[in-house]
Amino acid sequence: MDSLEKLFEETVRDIYYAEKKILKTLPKMAKKASSPKLAQAFQAHVDETETHVERLDQIFDLIGKAPRGKTCPAIDGIIEEGEEIMKEADNDTVRDAGMLAAAQAVEHYEITRYGTLKSWAGKMGMSEAAKLLDATLKEEKATDLKLTDLAESEINLEADESGEGARPRKTATRGRQ
Ligand code: FE
Ligand code: FE
């Protein structure tokens with residue numbers, strides 16, 4: 001790897017692989033989520049993720065390369081951990097809290113990648129690519145905030161209360177106290 005251009009291309013391939021993997025995983029998480037708000041947040045991000053893939057397609061076009069992903073062990077690991085939690089959780093509220101935490105780890109991974117790529121694109125004078133990367137970066141950050149909000153207002157409170165056993169889930173939505 002002898003140039004920033006090459007490094008940029010390899011990193012675009014990394015996040016392209018990650019986005020495609022996320023696109024496969026999010027609908028499964030939406031299905032398993034017991035909180036309707038969490039399911040809705042996952043589902044909304046499926047649509048955004050489709051756009052993220054499209055924007056990366058446009059970036060491949062801009063750099064004159066065929067769109068091709070490169071295995072990203074980091075995202076594989078984060079998703080694997082999330083799947084483990086989904087399997088091991090003994091009740092809905094714990095599963096929701098675990099999935100929410102895994103989803104935030106995914107968002108943070110994306111935020112670090114898009115932040116770096118945007119800054120490299122800027123350095124190389126690729127303003128069109130920088131704009132596309134910034135649009136996705138903003139959506140990843142907004143998703144992360146939305147998940148934080150859910151964690152603080154609903155999901156984790158219920159997981160806390162569920163303690164050892166599976167106390168019936170409260171269906172009423174609660175505001176922050
Ligand atoms: Fe994304
Ligand atoms: Fe995302």
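Relevant structure appears above.
Just so we're clear, the structure is a prediction, and the values are computed from it rather than from any experiment.

Draft legend 1. The arrangement of the overall build of the protein chain in detail. When helices and strands are counted, the protein chain shows five helices and zero strands. From first element to last, N terminus to C terminus, the protein chain shows the α and β order α-α-α-α-α. Counting across all 177 residues of the protein chain, residues that qualify as buried make up 44%. Considering only intrachain contacts with a sequence separation of at least 6, the fraction spanning at least 24 residues in the protein chain is 79%. As displayed, the protein chain has an accessible area near 9500 Å², and 51% of this comes from carbon and sulfur atoms.

Draft legend 2. Structural view of helix H4 (residues 92-123). Over its 32 residues, H4 extends 46 Å from the first C-alpha to the last, a length consistent with the 46 Å expected when each residue adds 1.5 Å. At the exit of H4 stands Gly125, carrying a positive phi of roughly 70°.

Draft legend 3. Highlighting helix H1 (residues 4-32). The terminal C-alpha atoms of H1, which comprises 29 residues, lie 41 Å apart, in line with the 42 Å expected from a rise of 1.5 Å per residue. The sharpest bend along H1 comes to roughly 25°, located at Thr25, with the proline Pro27 sitting one to four residues further on.

Draft legend 4. Highlighting the coordination of the iron ion (ligand 2). Looking at the metal site, the iron ion (ligand 2) is ligated by His45 (NE2), Glu107 (OE), Glu107 (OE), Glu110 (OE) and Glu140 (OE), spaced 2.0 to 2.6 Å from it. Between the donor residues of the iron ion (ligand 2), the gaps in sequence give the motif H-x61-E-x2-E-x29-E. Between the two metals, the iron ion (ligand 2) and the iron ion (ligand 1), the spacing is 3.3 Å, and Glu110 donates to both. Of this pair, Glu107 and Glu110 both sit in helix H4, three residues apart, which is roughly one turn of the helix. Accessibility classification places Glu107 together with Glu110 in one group, the buried group.

Draft legend 5. Expanded view of the nonpolar core. By size, the foremost hydrophobic cluster in this structure holds 41 residues, and its most contacted members are Phe8, Phe42, Ile59 and Ile75. The set of elements that each furnish at least two residues to this core consists of H1, helix H2 (36-62), helix H3 (73-88), H4 and helix H5 (127-162). For this core, the element with the highest residue contribution is H4, accounting for 10 residues. Apart from the residues within four sequence positions on either side, Ile59 is in contact with Phe8, Val12, Ala129, Leu132 and Leu133.

Draft legend 6. Main features of the pattern of salt bridges. Enumeration over the complete set of coordinates arrives at 12 salt bridges. Across the pair Lys70 and Glu10 runs a salt bridge whose closest N-O atoms are separated by 3.3 Å. With Lys70 in the loop between H2 and H3 and Glu10 in helix H1, this pair connects stretches of sequence that are 60 residues apart. Judged by its relative accessible area of 16%, Glu10 falls in the buried class. A salt bridge links Arg113 to Asp14, with the nearest nitrogen and oxygen atoms 3.3 Å apart.

Draft legend 7. Spatial organisation of empty space enclosed by the protein. Under the defined criterion, the tally for this structure stands at two cavities of 30 Å³ or more. The volume enclosed by the largest cavity comes to roughly 180 Å³. Residue lining of the largest cavity: 19 residues in total, with Leu26, Met29, Ala102, Ala103 and Val106 positioned closest to the centre. Elements represented by at least two residues in the lining of the largest cavity include exactly H1, H2, H3, H4 and H5. For the lining of the largest cavity, the per-class residue count stands at 13 nonpolar, four polar and two charged.

Draft legend 8. Broad picture of the environment of Tyr16. You can see Tyr16 is positioned in helix H1. If we skip the residues at most four places from it in the chain, Tyr16 touches Val53, Leu56, Asp57, Phe60, Pro67, Arg68 and Gly69. Polar side-chain contacts of Tyr16 include one of 2.8 Å to the side chain of Asp57.

Analysis parameters
- Residues numbered from 1 in each chain as written.
- Chains lettered and ligands numbered in written order.
- Predicted model: local features only at pLDDT ≥ 70, side-chain atom pairs only at ≥ 80, totals over all residues.
- Heavy atoms only, no water.
- Helix = DSSP H or I, 4+ residues; strand = E, 2+ residues; numbered from the N terminus.
- Buried < 20%, exposed > 50% of the residue type's maximum accessible area, 1.4 Å probe, protein only.
- Contact = heavy atoms within 4.5 Å.
- Areas by Shrake-Rupley, 256 points an atom, 1.4 Å probe, with all protein chains shown as cover.
- Expected span 1.5 Å × (residues − 1).
- Bend = angle between axes of the 7 residues up to and from the residue.
- Donors = N, O, S within 2.8 Å, 3.2 Å for Na, K, Ca; no water.
- Core = buried A, V, L, I, M, F, W, Y, C linked by side-chain atoms within 4.5 Å.
- Salt bridge = Lys/Arg side-chain N within 4 Å of Asp/Glu carboxyl O.
- 1 Å grid on protein atoms, 1.4 Å probe; cavity = no way out; pocket = protein on both sides within 12 Å on 5 of 7 lines; lining within 4 Å.
- Points joined across faces, edges and corners; volume = space filled by probe spheres on them.
- Nonpolar A, V, L, I, M, F, W, Y, C, P; charged D, E, K, R; others polar.
- Polar contact = N/O pair within 3.5 Å; in protein donor to acceptor, adjacent residues only side chain to side chain.

These results come straight from atomic positions and should not be treated as a statement about function.
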